[in-house]
Amino acid sequence: VFPGRNPESKRRSAASMKATTPGAGAACCAMTVCLLSGCVSPPPPASPAPPPKPLAEQGESLRRHGYRSLMRGDVVRAAEDYDAARRMADGLDDTQGLIVALNAVGRVALKRGDVPHAVSSHGRAVMLAQQLGAPDLVLESLTALATAEHHAGSLQEAERRYEEALELAANTPDKVCYVG
């Protein structure tokens, strides 16, 4: 007997726990078996994971990350990101993405002082852009190649590329964006 507690309240508590209706014990037992065996509704499914990004979007994401790294002055990280984007675009046969990545790789190579790598990257970008028939990419690639050739000391070659880019720019209509 606990101090301050009435011994009859203990008996009433135990008595109130006894089943008062016939079959109540069997129902309680069945419910316990049911819960233990898992026959209740299953837990709700986990929320679905977001679908993975298409690989071309991942390449674009790598290029944006490379750009941010370059803006922060982290040339080494930018080179790694741009090169990863180039490899991804090359593996996907994403010619446009490859051209953009090659030009980015070339710009970083030029910043690092690797002029031959810059000339090679921009030269490949020009060739691919011409094959693709994308004047805006040809223009960007030609200008970048001319800059790299200028840094390489090939001034006549650079001047010829700049003139080619100027002529292309003069003969290419501007892209117009309609908002509405």
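Residues numbered from 1 in each chain as written. Predicted model: local features only at pLDDT ≥ 70, side-chain atom pairs only at ≥ 80, totals over all residues. Heavy atoms only, no water.

(A) Focus on helix H8 (residues 155-171). Across its 17 residues, H8 extends 24 Å between first and last C-alpha, which sits within 8% of the 24 Å expected from 1.5 Å per residue. Burial in H8 covers these residues: Ala 158, Arg 161 and Ala 165. Angularly, the buried residues of H8 cover 65° about the axis, an arc narrow enough to put them on a single face. Exposed side chains of H8 directed beyond 90 degrees from the buried face belong to Gln 156, Leu 166, Glu 167, Ala 170 and Asn 171. (Helix = DSSP H or I, 4+ residues; strand = E, 2+ residues; numbered from the N terminus. Expected span 1.5 Å × (residues − 1). Buried < 20%, exposed > 50% of the residue type's maximum accessible area, 1.4 Å probe, protein only. Arc of directions from axis to C-beta.)

(B) Examining the nonpolar core more closely. Formed by 14 residues in total, the largest nonpolar core has its most connected members in Leu 98, Ile 99, Leu 102, Leu 128, Ala 129, Leu 137 and Leu 142. Counting only elements with at least two residues in this core, the list comes to helix H5 (95-112), helix H6 (115-132) and helix H7 (135-152). If near-sequence neighbours (up to four positions away) are discounted, Ile 99 is found in contact with Ala 125, Leu 128, Ala 129, Leu 132, Leu 137 and Ser 141. Counting seven residues, the second-largest nonpolar core is a separate cluster that includes Ala 79, Tyr 82, Ala 104 and Val 105. (Core = buried A, V, L, I, M, F, W, Y, C linked by side-chain atoms within 4.5 Å. Contact = heavy atoms within 4.5 Å.)

(C) Highlighting the packing of H5 against H6. Following both chains from N to C, one finds H5 and H6 inclined at 160°, their axes separated by 8 Å at the closest point. Between H5 and H6, the angle falls in the class roughly antiparallel. Judged by the twist between their axes, the crossing of H5 over H6 is left-handed. Contacts between H5 and H6 pair Thr 95, Gln 96, Leu 98, Ile 99, Leu 102, Asn 103, Val 105, Gly 106, Arg 107, Ala 109 and Leu 110 from the former with Val 115, His 117, Ala 118, Ser 121, His 122, Arg 124, Ala 125, Leu 128, Ala 129 and Leu 132 from the latter. In the contact of H5 with H6, the residues fall into 12 nonpolar, seven polar and two charged. (Axes fitted to C-alpha atoms, helices over the stretch in contact; angles between N-to-C directions. Parallel < 35°, antiparallel > 145°, perpendicular 65-115°, else oblique. Left-handed = near helix turned anticlockwise from the far one by under 90°. Nonpolar A, V, L, I, M, F, W, Y, C, P; charged D, E, K, R; others polar.)

(D) Region of the structure containing unusual backbone geometry. Even without a glycine there, the phi angle at Asp 93 is positive, about 55°. Secondary-structure assignment places Asp 93 in the loop between helix H4 (75-92) and H5. For Asp 93, a relative accessible area of 68% gives the class exposed.

(E) The arrangement of H7 in detail. With 18 residues, H7 should reach 26 Å at 1.5 Å per residue; the first-to-last C-alpha distance of 25 Å fits that figure. Listed as buried for H7 are Leu 137, Val 138, Ser 141, Leu 142, Ala 144, Leu 145, Ala 146, Ala 148 and Glu 149. Considering only its buried residues, H7 is in contact with H5, H6 and H8. Looking one or two residues past H7, Gly 153 carries a phi angle of roughly 90°, positive in sign.

(F) Representation of the confidence of the model for the protein in the model. A residue-level look at the protein finds 66% of positions with pLDDT of 70 or above and a mean pLDDT of 79. Confidence scores differ between elements of the protein, with helix H1 (residues 7-16) showing the lowest mean pLDDT of 52 and H6 the highest of 96. (pLDDT = per-residue confidence, 0-100.)

(G) Region of the structure containing the environment of Ala 104. With respect to the helices and strands, the residue Ala 104 is situated in helix H5. Given a relative accessible area of 2%, Ala 104 falls into the buried group. Considering only alpha carbons, one finds Ala 104 and Ser 141, 37 residues apart in sequence, at a separation of 10.0 Å.

(H) View of the environment of Glu 149. For Glu 149, the position within the fold is in helix H7. On the basis of relative accessible area, Glu 149 is assigned to the buried category, the value being 7%. Linking Glu 149 and Gly 123, residues 26 residues apart in sequence, is a C-alpha distance of 9.7 Å. When sequence neighbours within four positions are dropped, the list of residues in contact with Glu 149 reads Val 119, Ser 154, Glu 157, Ala 158 and Arg 161.

(I) Region of the structure containing the pattern of salt bridges. Inspection of every chain in the model, using the stated rule, returns 11 salt bridges. Arg 86 is the partner of Asp 83 in a salt bridge, and the nearest nitrogen-oxygen pair spans 2.9 Å. Of this pair, Asp 83 and Arg 86 both sit in helix H4, three residues apart, which is roughly one turn of that helix. What makes Asp 83 partly exposed here is its relative accessible area of 23%. For Arg 124, the salt bridge is made with Asp 90, and the minimal N-O distance between the two is 3.6 Å. Of this pair, Arg 124 sits in helix H6 while Asp 90 sits in helix H4, and the two are 34 residues apart along the sequence. When its relative accessible area of 32% is taken as the criterion, Arg 124 is described as partly exposed. (Salt bridge = Lys/Arg side-chain N within 4 Å of Asp/Glu carboxyl O.)

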